[in-house]
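# Structure at a glance
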Amino acid sequence: MTQIRLTNTRTRTKDVFVPLDASNVRLYLCGPTVYDRAHLGNARPVLVFDLLVRLLRHDYGAEAVTYVRNFTDVDDKINAEAQRRKAAGSPLTLEELVAERSEETIAWYHADMDALGADRPDHEPRATAYIAQMIEMTADLIAKGHAYAAEGHVLFDVRSFPAYGKLSGRSVDDMIAGARVEVAPFKRDPMDFVLWKPSEADVPGWDSPWGRGRPGWHIECSAMSAALLGPSFDIHGGGLDLQFPHHENEIAQSCCAHPEASFATVWLHNEMLQVEGKKMSKSLGNFFTVRDLLDQGVPGEVIRFVMLSTHYRKPMDWTEAKAAEASQTLSKWYWLTDGVGAGDLPEGFIDALANDLNCSGAHTALKAAARAGRNAELRAGMEFLGYWPADRKLSAWARDEVQKQAHFAEHSYPRLELSGLSWKLQGAREKAAVSKDFSEVDHLKTALLAAGVEVRMLKGSVELVPGPNFDPEKIAGLN
RNA sequence: GGCGGGUUGGCGGAGAGGUUACGCACCGGAUUGCAAAUCCGUGAAGACCGGUUCGAUUCCGGUACCCGCCUCCA
């Protein structure tokens, strides 16, 4: 068992990870709002958690980890798209159109994240399937004196929760002082946030004790994590942009609803994504989705490698140069490990990952293995990091790269030996080096080439690699 | 304005209070009858100013610059 250390936003230190229950390690990642294609930034937390889950499964056992990532399918942007389709003449109801939009977006999301080699979570709950739990939790918060109804809304009373602001290091008073937006008049405190809000007739809604309406943004994660993982679980994560207000509000809701529980022990936040040194934004014209990159021919493996190369707590800059370098490295690795069985993991590999997911360090361990020709170790590490799919079949891109490498390696890279003949050839070569009579060497080499064998003359040895047209019959006489 | 994070060699990117990170690129050399997407190696850093220390890129303080968040935006 390796000691895993993670930087916990809650404690602001890198702590040794101790699960509440080692036989059931539980994680929750805030998933996407399914109104459109996932952009590249959305992929980062997915890959960080994919890596974390792989490490935890390695440590605690595949069955001892439960990973939940939600789909937020209650959102005004989805509603807006549904209303647009309705206005365009769709015969479906608004609710059906919302579901339709969510369905297609979720399918895209799955396809895109699959292409990045991210394993699906154990549970992918949709907010719309947990409305009852949200209503129940909201009512409970009112009953416990932490929320109040006003003008069809239900608001969380931040003053009722002294720890409000602790996660993000803010005080309610400071935030009010810096507030720049007009405050709804029915709020008791400017920082109070919505648990439930009324829905007009042309917007999807659910019946509730406070009238027809829909949940606020934050309550879904509190309700779904409690339903699937219990009120206390181990790791909760997401992008740094979610730290406030989303995660802060989740903590307020969950801790007040379940005062006996601890909610999430560890909070993990990944830094944001940049593109060529600048923030990714539609106005700068550098905004793109995962699908855009895939369509441009950037392989999912390469996107994954680039993403995992930068530590999750540092801003990640997506650049063409990084993609090119990643492509080169992976190309070589696939070539080295194609057809090789996975061995032990390289030295230092797990230690690096266990140290707050230092994947760059894990890559270093793989580079060392590649350099030393420990291909079985390289293969094991690649599989661990998700560069080989579970079915161990290469993507079209990777297969292509392997063939290119094989072609280029006509005279270079050591792989496997046709023992005996390589010995013989090397022996002849050593003699020829002295006698300068290369006829025997040439004879052997020509025969081998004719039999479809690649002949690689290396310093001190000869590598013989059977090619696609290898015919053992033709070299039978050479031994 | 408030809060949080960052600043490492040409580029990318880590760990560690005191020994070469590593990769890519560059340069030098080697190996080779031919051949290199082969091998070996050198150089190159820690934004700035102070402080703590025998010693700091690593700890502390300040400055500059950059990034994110600041009530329904994921």
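Model, not experiment: these values are computed from the prediction.

Criteria and cut-off values
- Residues numbered from 1 in each chain as written.
- Chains lettered and ligands numbered in written order.
- Predicted model: local features only at pLDDT ≥ 70, side-chain atom pairs only at ≥ 80, totals over all residues.
- Heavy atoms only, no water.
- UniProt positions renumbered as here; feature names shortened; annotations may be inferred.
- Helix = DSSP H or I, 4+ residues; strand = E, 2+ residues; numbered from the N terminus.
- Buried < 20%, exposed > 50% of the residue type's maximum accessible area, 1.4 Å probe, protein only.
- Pairing = 2+ DSSP bridges.
- Axes fitted to C-alpha atoms, helices over the stretch in contact; angles between N-to-C directions.
- Contact = heavy atoms within 4.5 Å.
- Parallel < 35°, antiparallel > 145°, perpendicular 65-115°, else oblique.
- Left-handed = near helix turned anticlockwise from the far one by under 90°.
- Nonpolar A, V, L, I, M, F, W, Y, C, P; charged D, E, K, R; others polar.

Per the UniProt record, "short sequence motif: 'HIGH' region" (unreviewed entry) is annotated on residues 32-42. A helix fraction of 27% and a strand fraction of 0% characterise residues 32-42, whose end C-alpha atoms lie 7 Å from each other.

A few words on the side chain of Arg379. Tracing the chain through its elements places Arg379 in helix 13 (residues 375-384). Judged by relative accessible area, Arg379 falls into the buried class, the value being 6%.

The sheet contact formed by strand 1 (residues 5-8) and strand 2 (residues 13-16) spans 4 bridges and is antiparallel. Bridge assignment links Leu6 to a residue of strand 2, and that residue is Asp15. Hairpin connection of strand 1 to strand 2: 4 residues between the antiparallel strands, including Arg12 at a positive phi of 60°.

What follows deals with the sheet that holds strand 7 (residues 193-198). Judged by pairing direction, the sheet is antiparallel, and its 4 strands sit side by side in the order 5-6-7-8 without closing on themselves. Each edge of the open sheet is held by one strand with a lone partner, namely strand 5 (147-150) and strand 8 (213-215). Ignoring which end each strand starts from, the neighbouring axes of this sheet average 20° apart. In this sheet, strand 8 lies alongside strand 7 in antiparallel orientation, the contact comprising 3 bridges. Bridging across to strand 8, Trp196 finds its partner in Pro215. Contacting strand 6 (153-156) and strand 7, helix 7 (residues 243-257) runs over the sheet at an angle of about 85° to strand 7.

With that settled, the discussion passes to the packing of helix 12 (residues 359-371) against helix 13. As a packed pair, helix 12 and helix 13 sit with axes 8 Å apart at the nearest point and diverge in direction by 155°. Compared by their axis directions, helix 12 and helix 13 come out roughly antiparallel. Crossing of helix 12 against helix 13: the hand is left-handed. Residue-level contacts link Leu366, Ala369 and Ala370 of helix 12 to Glu377, Leu378, Gly381 and Met382 of helix 13. Residue composition of the contact of helix 12 with helix 13, by class: 5 nonpolar, 1 polar and 1 charged.

The next thing to look at is the packing of helix 9 (residues 300-309) against helix 10 (residues 320-337). Relative orientation of the contacting elements helix 9 and helix 10 amounts to 110°, with a least axis distance of 9 Å. The pairing of helix 9 with helix 10 is recorded here as roughly perpendicular in orientation. Judged by the sense of rotation from one axis to the other, the crossing of helix 9 with helix 10 is right-handed. Two secondary-structure elements touch here, helix 9 through Glu301, Val302, Phe305 and Val306 and helix 10 through Lys322, Ala323, Ala326, Ser327, Thr329, Leu330, Trp333 and Tyr334.

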